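Inside the fold
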Amino acid sequence: MPDAAANDIPTEDVPEGAAVGVRAGQAHFFADLDQSPVLGAVDAPDESSAPSSLWRDAWVQMRGRVLFWVSAAIILLVVLVALFPGVFSQTDPRFCDLSRSVGGPEAGHWFGFDRQGCDVYARVIFGARASVTVGVLTTLGVSVFGVIIGSLAGYYGKWFDAILSRITDIFFAIPLLLAAILVASVFSESRTTFLIAGVLAVFGWPQIARITRGAVMSVKNNEFVTAAQALGLSRSGILLRHIIPNAIAPVIATATVALGTFIVVEATLSFLGVGLPPSTVSWGGDISRAQAVIRTSPQLLLYPGAALGLTVLGFIMMGDVVRDALDPKARTR
Amino acid sequence: MAWYAGRRLLQMIPVFLGATLLIYAMVFLLPGDPIAALGGERGLPPAVAEQLRAQYHLDQPFLVQYGIYLRNLLTGDFGMSFSRRPVADLLAAAFPTTVKLAAMTLVIESVAGIGVGLWAGIRKGGIFDSTFLVISLVLIAVPIFVIGFAGQVLFGVKLGWVPATVGSNVSFRTLILPAIVLASASFAYILRLTRTTVAENRTADHVRTATAKGLSTGRVMRVHVLRNSLIPVVTFIGTDVGALLGGAVVTEGIFNIPGVGNLLYSAITRHEAPTIVSVTTFLVIVYLISNLIVDLLYAVLDPRIRYA
Amino acid sequence: MTTDNAPASTDPAQPLLDVTGLEVSFTTSQGVVQAVRGVDLTIYPGQSVAIVGESGSGKSTLAHAVINLLPGTGTITGGSIKFDGRELVGASKKEIIDLRGRKIGLVPQDPMSNLNPVWRIGFQIKEALKANGVDTRRRRQQLTDALVEIETTPSGDDLYLGSAGKKELLAALRQAGVAEKAVEKAEAALHVGSTTRAQAVGILEQAGLREAEALAAEHVTGASPTDRVAGLLAEAGLGDAERRARQYPHEFSGGMRQRALIAMGLAARPRLLIADEPTSALDVTVQKTILDHLGTLTAELGAAVLFITHDLGLAAERAEHLVVMYKGKIVESGPSRQILRAPRHPYTQRLVAAAPSLASRRIQSAHAAGIETDELLASHAESGGHKHADNVVEVKDLTKVFRIRGSRPGTGTDFTAVDQISFSVARGTTLALVGESGSGKSTAANMVLGLLEPTAGTVEFDGVDITSLRGKEAFRFRRRIQPVFQNPYGSLDPMFSIYRTIEEPLRVHQVGDAKAREKRVRELLDMVALPSTMMRRFPNELSGGQRQRIAVARALALNPEVIVLDEAVSALDVLVQAQVLTLLNDLQAELGLSYLFITHDLAVVRQIADKVCVMQNGRIVEQGSTDTIFDSPEQEYTRELLAAIPGASLDIGPQVPAA
């Protein structure tokens, strides 16, 4: 053992600084007090920086990224268009003149006309509302439902979790698009934006539920939860005050991306003819109708397609930025 | 391992029952006359309506109906289409084409996705990484039917490199464009997943230890970084197999490929609700089975699961 | 036993590693951070040197710079690193890869995260052998070739016993009519892939075989890589090595993993082994056996060892030369004993004074010499038992059984985490519950806190059985006993500001109005010596020690009588730990608090506890006053625990060395 060797080194009666038995470069050395770091009080709090919560840190991190501002601008624009389409186009998207079928761009009709002779620009502007409505409503639905189911399953565990998880599995086993096609084709009469959003929400919540469950399960093992129990805080109080606020970050990121996905699914349904009825102006429906003349007038596909792509891009980019900003692994310490 | 497989199989039973019950209930427990609803806007020919009533045993209590439906499913009876052909026969004819398309798509998306993802993960934050990150976002954002039509017009019509539609002529040459279109979104997901896990694993403690053992950089990358990163990636690819076999409804529709997806696509356009129900049920079963295989694969790849 | 065929300069007078003026910096979003600033370090062949420092001192960065494994943006910005006379700063990638494993081995810090979970242990060690050209079979061929050329017998030291050879040797033993008991003994002594021919001869002779030499020459003819892996694991002290090599990391305990990592680090017989906190994640007794083993092994192989550690006692005990780092600089270095006896730099002096292992040694020395020492925080240790007749907590036959679900149906088993333990905490004193991981000490603490329902037994608080409390009474009981937990990063809700964190107990129990509560929060912050401006900050802005002080403030908010300290100072750096311990002691004196102190660290117990209960496998194996336990332990296990305190073998005086 090395300590046997250590004992061989004479230390007792060695005068200060002498190197008897000590090899070159290993003599007793101590840093010059003038040059060594100043010793402050042990563990003194650093009061120089401004206080910052996790949310504030996330915000500081997000606002430094270009992608954040780009996606925020896209989302803001799309939401404004969806809320006040009249501001962006004075033309009635449902006013069609067959004589102008597939007409090219002209003053006041920058994108030209579609097969029925309706103004393409107006239809792109007025189509935003359907997509955004379905996306927002569905996301609200799945978030509320998914967070409730997921946090109950994750927090209470045991048989309660077993049952809720099996139910989640069942809904998860049916692919979202297939489920929507199935239900929508049965409801041939009454397909409104609300119905489509409802159908998507009914089959879209398992993803959020699974993520919430995982996050809740990892948060609930923290010692601050045990400390809250020891304070006498009730189970539901702990769940609401301590666990959900700490578990919500990945849910927000996922939900933002999911909003984009729901818009795509709605458009796909409309494209297949089982989404919103032809009477509702929607990008998916317009793309579907453009299909017939795609070889001659591909621009009819391009405009609603680009609007749809840009909108979805805005939301998934935002989801990405939010995830990076809230990711605990990205943090130092 | 055997116990794990057995447990997974057992867990699948309630999910299978639940999913089929859910599908059945969605169609037949909704208010109104289900047969009339199945007929859609145009209504059903009386003969078909009669046949449907007999097929679904609508005079029986709901659970009995479901029992008969389940028994039929298990014996491979998926009912009749409006053209009075067994849906099972239609599926059997269409499935091989779908498998071909799925296989091609899978190869394209995994090779490209893992390759690019690995490179981006190693050089995280570089130009290559940033470029492909933006490309992947666009591929995810633009719906497949827009990519499909764009590809069809550009490569099929304008450039004429490949046939614009497939039809009855199913071959590698005709399927390559649809396969690329179909692979685009999953390519983006695989790329992003690989990139993240590779970047994460590269800084893992055990990778540093492997380097300290004196292994070459290439071996550290292959044996320790890539091998570990593949676990979630393979899981994702496996889930995607289910979705691909589940028929690329839109892609097969656009390119007129005679696969399962197209069967569903034409049933939708013809408003043949009973066929839609049957095909959807079949697809959900395929999806469930492939998910089971993914779970087993996961256990093969990750020893921690196997012995858990 | 070396398999390294490169000519090694074995001149003990030449430094093996010579670091001069090393500078390492990291680029962060806040700018360039200097982690190592002008460090000099010399290690001679076969020597053991330890770098001691707190977290963030740059000690690990220095070690990683030596084998060019700096994480992220870390780069060497100045100075030189010479290994065996060769400059490593600016060396080619190939040179560095050649060096790693073969010349410089690494035993990393955390055994849980340093093995690849998807590969078998054996595979991961074999990989190290192959990468460094240690192919045992080829080696044998080379030897045979050499034999033909120069016609000398190889020294038996170069060949290992193979698994086939072992079977044949045992068969030969049985054939020779050796008694079965002696054969079994030989079987245990013969390690495949590790026992050399010369050793085999010795073992065979001991078993009573006469023609041992010839037999060994015939059957000990070299090991396959797989056998060698088993041999390396056996050398690292792992039993049943051949089977273990086929297992995955998750099937290993922490101690076993660390042994596998040691086998890996030493696989290619490096001349320098860097051991980065090799045992800090392990139980104390395991820590001791592994360090002992590592010391013997490296001494046998003639390898130099560079220990990286935060524990001054451990460093002084295991290394002949000490290097103390603080904020990236070496503040003091020299022969270990000289530094312990006469530290010159104020920082080293603080460390020597604060290190619990050293402090507990000094208390023991002082106690033996009959000297009063102010290091003994628990000042009433002697009279504790008699003066405080009333016990605030009284635990009787407390038992907790958990049902463990098996991997297969019907394979569930009962696990008795706490087995009929009884103890009591006298008012105003500290009772320490000491044990290693899995001893049931935290389970016991949770039952005392009323967070876990006991399977049997009672916990009486001031004469009232708390397990019988329901509803309002149970809620009111919460005010009287509060916990402080181990992990400073997990014990505060990151979403709550410091103000909300400390105010929460008051709000939950509806104490006072908003204004009164704010006043109380200020008062509590003052008690734990933090400025009231901290109120608006969040846990992520605080250091570990500060968070722990906030946790103490939260526990004190409701004026409890008892505080359960569950490893409350274990995760803290030495100086911070000493500060929190002093704070706890002052609070006890001021407020008359009683502590139930749960810990694995006997050294800390020496300083703070009045009474000690030693737990093992759910039972209390020994209890008594701190002095009795430390002076005359009755149980073997207690003696083992005491011996495992780092620095137990050091001979240091009763006084803190004066500046």
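All residue numbers refer to position in the chain's written sequence, counted from 1. For naming, the first written chain is A and the first written ligand is 1, with later ones following in the order written. Per-residue local features of the predicted model are confined to residues with pLDDT of at least 70, and side-chain atom pairs are confined, for both listing and counting, to 80 or more; whole-chain, interface and lining totals are unaffected and use all residues. For side-chain calculations, the full set of non-hydrogen atoms in the structure is used, while hydrogens and water are omitted.

Moving on: the packing of aromatic side chains. Residues and elements named next belong to chain A. For Phe, Tyr and Trp, rings pair up if their centres lie within 6.5 Å, where Trp contributes its six-membered ring, and each pair is then called stacked (planes under 30 degrees apart), edge-to-face (over 60) or tilted (otherwise). Under the definition given, this model contains 23 aromatic pairs over all chains. Their ring planes at 90° and their centres at 5.2 Å tell us that F145 and W205 sit as a pair that is edge-to-face. Of this pair, F145 sits in helix α5 (residues 120-156) while W205 sits in helix α8 (residues 193-220), and the two are 60 residues apart along the sequence. Look at F171 and F203: their rings are 5.7 Å apart centre to centre, the planes differ by 50°, and that puts the pair in the tilted class. Strands are runs of DSSP state E lasting at least two residues, helices are runs of H or I lasting at least four, and both sets are numbered from the N terminus onward.

Turning next to a nonpolar patch on the surface. Residue and element names in this part refer to chain A. Residues L76, V79, L80, L83, F84 and V87 make up a contiguous nonpolar surface patch of roughly 550 Å² in combined accessible area. Top element by residues in the nonpolar patch is helix α3 (residues 66-83). It accounts for 4 residues. As for its placement among the helices and strands, V87 is situated in helix α4 (residues 85-88). The buried label applies to any residue whose accessible area, calculated with a 1.4 Å probe on protein chains only, is under 20% of its type's maximum; exposed applies above 50%, and partly exposed to all values in between. Residue V87 is classed as exposed on the basis of its relative accessible area of 60%. Patch criteria: residues need more than 30% relative accessible area and no salt bridge. Like-charged residues are merged within 9 Å; nonpolar side chains of Val, Leu, Ile, Met, Phe, Trp and Tyr are merged within 5 Å. Methods summary: accessible areas were calculated by the Shrake-Rupley approach with a probe of 1.4 Å, and residue burial reflects only the protein chains presented. Any carboxyl oxygen of Asp or Glu that lies within 4 Å of a side-chain nitrogen of Lys or Arg is treated as forming a salt bridge with it.

Below, the discussion takes up the confidence of the model for chain A. With 89% of its residues at a pLDDT of 70 or more, chain A shows a mean pLDDT of 82. Note on residues 1-20 of chain A: pLDDT under 50 across the span, and 25 contacts to partners over four residues away in sequence or across chains. A score from 0 to 100, pLDDT tells how confident the predictor is in each residue. The contact rule is simple, with two residues in contact once any of their heavy atoms fall within 4.5 Å.

This paragraph deals with the sheet that holds strand β1 (residues 29-30) of chain A. Read from one edge of the open sheet, 7 strands run β1(A)-β10(C)-β9(C)-β3(C)-β8(C)-β7(C)-β6(C), paired in mixed fashion. Every interior strand has two partners, whereas the edge strands, β1 of chain A together with β6 (104-107) of chain C, have only one. Each pair of strands is called paired provided DSSP finds at least two bridges between the two strands.

Looking now at the interface of chain C and chain B. With 30 residues of chain C at the interface, the matching set in chain B holds 25 residues. Once two parts are put together, the accessible area they lose, assessed with a 1.4 Å probe and summed over both, is termed the buried area. For the pair chain C and chain B, the summed buried surface comes to about 2,500 Å²; carbon and sulfur atoms form 59% of the total. Sorting the residues of chain C by area buried against chain B places V118(C), E127(C) and H250(C) first, and these three jointly supply 20% of that buried surface. If you look at where chain C meets chain B, you find 2 salt bridges. Ionic pairing is found between R219(B) and E127(C), a salt bridge with its closest N-O pair at 3.0 Å. Under this definition, polar contacts are N or O atom pairs within 3.5 Å; protein pairs additionally need one hydrogen-donor-capable and one acceptor-capable atom, and for neighbouring residues in sequence, both atoms have to be side-chain atoms. Seen at the junction of chain C and chain B, the total is 13 residue pairs in polar contact (both at pLDDT 80 or more). Put simply, the parts of the chain that give the side of chain C that touches chain B at least two residues each are α2 (93-99), β6, α3 (121-131) and α11 (254-266) of chain C. Here the side of chain C that touches chain B is composed, by residue class, of 17 nonpolar, 9 polar and 4 charged. Throughout, the ten residues Ala, Val, Leu, Ile, Met, Phe, Trp, Tyr, Cys and Pro are labelled nonpolar, Asp, Glu, Lys and Arg are labelled charged, and all others, Gly among them, are labelled polar.

Moving on, we get to the confidence of the model for chain C. Residue and element names in this part refer to chain C. On average, residues of chain C carry a pLDDT of 85, and 91% of them reach 70 or more. Considering only residues more than four positions removed or in separate chains, one finds that residues 1-8, a stretch of pLDDT under 50, has 18 contacts. Note that residues 380-388 has pLDDT below 50 and, in this model, 8 contacts with residues that lie over four places away or in other chains. Interface predicted TM-score (ipTM) for the complex: 0.84; the corresponding pTM is 0.84.

Another point: the nonpolar core. With 142 residues, the main nonpolar core has L272(A), F145(B) and L264(B) as its most contacted residues. Put simply, buried Ala, Val, Leu, Ile, Met, Phe, Trp, Tyr and Cys residues joined by side-chain atoms within 4.5 Å make one nonpolar core. V229(C), F252(C), L294(C) and A315(C) belong to the second largest nonpolar core, which has 56 residues in total.

All names here are of chain C. Among all positions of helix α26 (residues 636-643), only Y637, T638, L641 and L642 are buried. Projection of α26 onto a plane perpendicular to its axis shows the buried side chains occupying an angular sector of 140°, all on one side. Packing partners of the buried residues in α26 comprise α12 (284-301), β13 (430-434), α24 (602-608), β19 (611-616), β20 (619-625) and α25 (626-631). In this description, one arc is meant: the one made by directions from the helix axis to the C-beta atoms.

This part is about the interface of chain C and chain A. Listed per partner, the contact involves 74 residues of chain C and 56 residues of chain A. Here chain C and chain A share an interface that buries about 5,800 Å² over both sides, 55% of which is from carbon and sulfur atoms. Viewed at the interface, chain A and chain C are joined by 1 salt bridge. Between R241(A) and E504(C) there is a salt bridge, with its nearest N and O atoms 3.8 Å apart. Remark: the boundary between chain C and chain A carries 15 residue pairs in polar contact (both at pLDDT 80 or more). Here the element with the most residues in the side of chain C that touches chain A is strand β10 (residues 329-335) of chain C; it accounts for 7 residues. Its residues assigned to classes, the side of chain C that touches chain A shows 32 nonpolar, 22 polar and 20 charged. In the sheet, β1(A) pairs with β10(C) via 2 bridges, with the strands oriented antiparallel. By the bridge assignment for β10(C), F30(A) is matched with E332(C).

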